[in-house]
Amino acid sequence: MLARIFLWIVALLTLLVVAGSFIFFQYGDRILADQAMPKVEFVAPPEQEESVYASLNAWWARPDMEDSLADWQPEPYQGAAQVEVAADAAALPAPAGAMTEEPADRPVAVFFIHPTTYLLTDRWNADMELTGMAKTRAELFVKSQASAFNNIGEVWAPRYRQATFGTFLSQSDNAKAALDVAYGDVEDAFAVFLEENPEGPIVVAGHSQGGLHALRLLAGHRAALADRLVATYVVGWPVDAEADLPATGLAACTGPEEAACLMSWLTFGDPPNASLVLRDWLKADGYAGIERDRDQLVCTNPLTGAEDREAVPSDNPGLLVPDATLSTAQLLPGSVGARCERGLLLLNGTVPELGPYVLPGNNYHVFDYALFWGAIREDLARRYDSWNGSDMPEDGAA
């Protein structure tokens, strides 16, 4: 009798765990949205001085800064026991450009916009000078994301009055005003970036909120970038191939040797639930003034250079595995592959323990760059070779 009661208790607890997991998978995005929404009305922050980005203090990274965060390099994988990987992963070679020595030549100027790091609900825009965990997160993202371009790129990463997390889960007037404030700062920083880099190859890159601002920059400055853009990486932000992309004058990359094209991906485990990312995005018209369509979502695979095939784990030259303190990371090759499926980048292989930051719906948004760090380096190097060695396409024909 006691054994039967025990079995019923185990069955009930198992059912509750399964039900809880299902609810989190299906409705976790709505719970998160309710908790993240700012609890105050938007108040426009004070106007900034036009010269703010002339100061090094307005940047997280730029080439003339000592100890620029974007110059960080991971440690080569040493076979540490902190993660379980495929048996042959440790034997795979480290990716090109992943060595710890500083490269002699960095011909590309990279403008990188970091993602949202302010998660509180007491305002719609964070201050330029971040403190506490918001500052720690920003530094971590610039180190782990912008550094992917430092093999041949001199990286410029501005501070800006970022819209807070809840902004992206709303289509309210408050949310739109907060995004305009953040974009205004990014555009001011970009003007200084162009003044300091009046000629030569350029990359525009960002993640999440940074991807949104990057897309808006591309649409607003397409003439100035027409013959200079090596590639752009609009990562962790959805892009509609018909409603958004034409405004930039670019096409989505379709192969690893193309230049002047757009790379974009949203990373998920399988099965995915993309409601958190797409629900409010679909409610707004795209840059072309037409409705967005879930089936027009751009997905370019960083492991294949956007070639339309599934990448196996051995195609991955290195993902970042952080240490326990998140102060550094090892570069682990051969663990995770990926394929594009209905506009999402779905993982396959062994995903190592990366921390408790996977979002509802198997959403690996936080790790969009970390999972493909080595591949992004190689991708940029190939596209620069193509840009440097061939005639550029006309605007809109990339």
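Residues numbered from 1 in each chain as written. Predicted model: local features only at pLDDT ≥ 70, side-chain atom pairs only at ≥ 80, totals over all residues. Heavy atoms only, no water.

Caption draft 1: The arrangement of the state of the cysteines in detail. Taken as a whole, this structure holds two disulfides when the rule is applied. Disulfide pairing is shown between cysteine 253 and cysteine 261; the S-S distance is 2.0 Å. Disulfide cysteine 253 to cysteine 261: torsion about the S-S bond roughly 95 degrees, handedness right-handed. You'll find cysteine 253 and cysteine 261 in the same group, each marked buried. (Disulfide = S-S within 2.5 Å. Buried < 20%, exposed > 50% of the residue type's maximum accessible area, 1.4 Å probe, protein only.)

Caption draft 2: Structural view of the pattern of salt bridges. As enumerated under the stated definition, the model contains 18 salt bridges in all. Residue aspartate 180 is joined to arginine 216 by a salt bridge in which the shortest nitrogen-to-oxygen separation is 3.2 Å. One end of the pair, aspartate 180, is in helix α3 (residues 173-196); the other, arginine 216, is in helix α4 (residues 209-220), and 36 residues separate them in sequence. Classification of aspartate 180 as partly exposed rests on a relative accessible area of 42%. In the salt-bridge network here, residues are joined through shared partners; they are Asp122, Arg123 and Asp127. (Salt bridge = Lys/Arg side-chain N within 4 Å of Asp/Glu carboxyl O. Helix = DSSP H or I, 4+ residues; strand = E, 2+ residues; numbered from the N terminus.)

Caption draft 3: Quick peek at the nonpolar core. Among the nonpolar cores identified, the biggest contains 57 residues, and Phe149, Tyr233 and Phe372 are the most heavily contacted of them. Sort the elements by how many residues they give to this core and helix α7 (residues 373-389) lands first, with six residues. Apart from the residues lying within four places of it in its own chain, the contact partners of phenylalanine 149 are Val110, Phe112, Val155, Ala205, Tyr233, Tyr369, Ile376, Arg377 and Leu380. (Core = buried A, V, L, I, M, F, W, Y, C linked by side-chain atoms within 4.5 Å. Contact = heavy atoms within 4.5 Å.)

Caption draft 4: View of the sheet that holds strand β12 (residues 344-349). On the basis of which strands lie adjacent, the open sheet formed by three strands has the order β8-β12-β11 and mixed pairing. One side of each edge strand has no neighbouring strand; the edge strands of this open sheet are β8 (267-268) and β11 (336-341). With six bridges joining them, β11 and β12 adopt antiparallel strand pairing. Bridge pairing in β12 links valine 336 to glycine 349. (Pairing = 2+ DSSP bridges.)

Caption draft 5: Quick peek at the side chain of aspartate 368. You can see aspartate 368 is positioned in the loop between β12 and α7. One buried charged residue, aspartate 368, forms no salt bridge at all, with the nearest opposite charge on arginine 294 at 14 Å. Engagement of the side chain of aspartate 368 in a polar contact is seen with the side chain of threonine 267, the distance being 2.6 Å. In contact with aspartate 368, other than residues within four places in its own chain, are His207, Val235, Gly236, Trp265, Leu266 and Thr267. (Lys, Arg positive; Asp, Glu negative; His and termini not counted. Polar contact = N/O pair within 3.5 Å; in protein donor to acceptor, adjacent residues only side chain to side chain.)

Caption draft 6: Representation of the side chain of asparagine 174 within the structure. Counting through the fold element by element, asparagine 174 comes out in helix α3. Apart from residues lying up to four places away in sequence, asparagine 174 is in contact with Val40, Glu41, Phe42 and Trp124.

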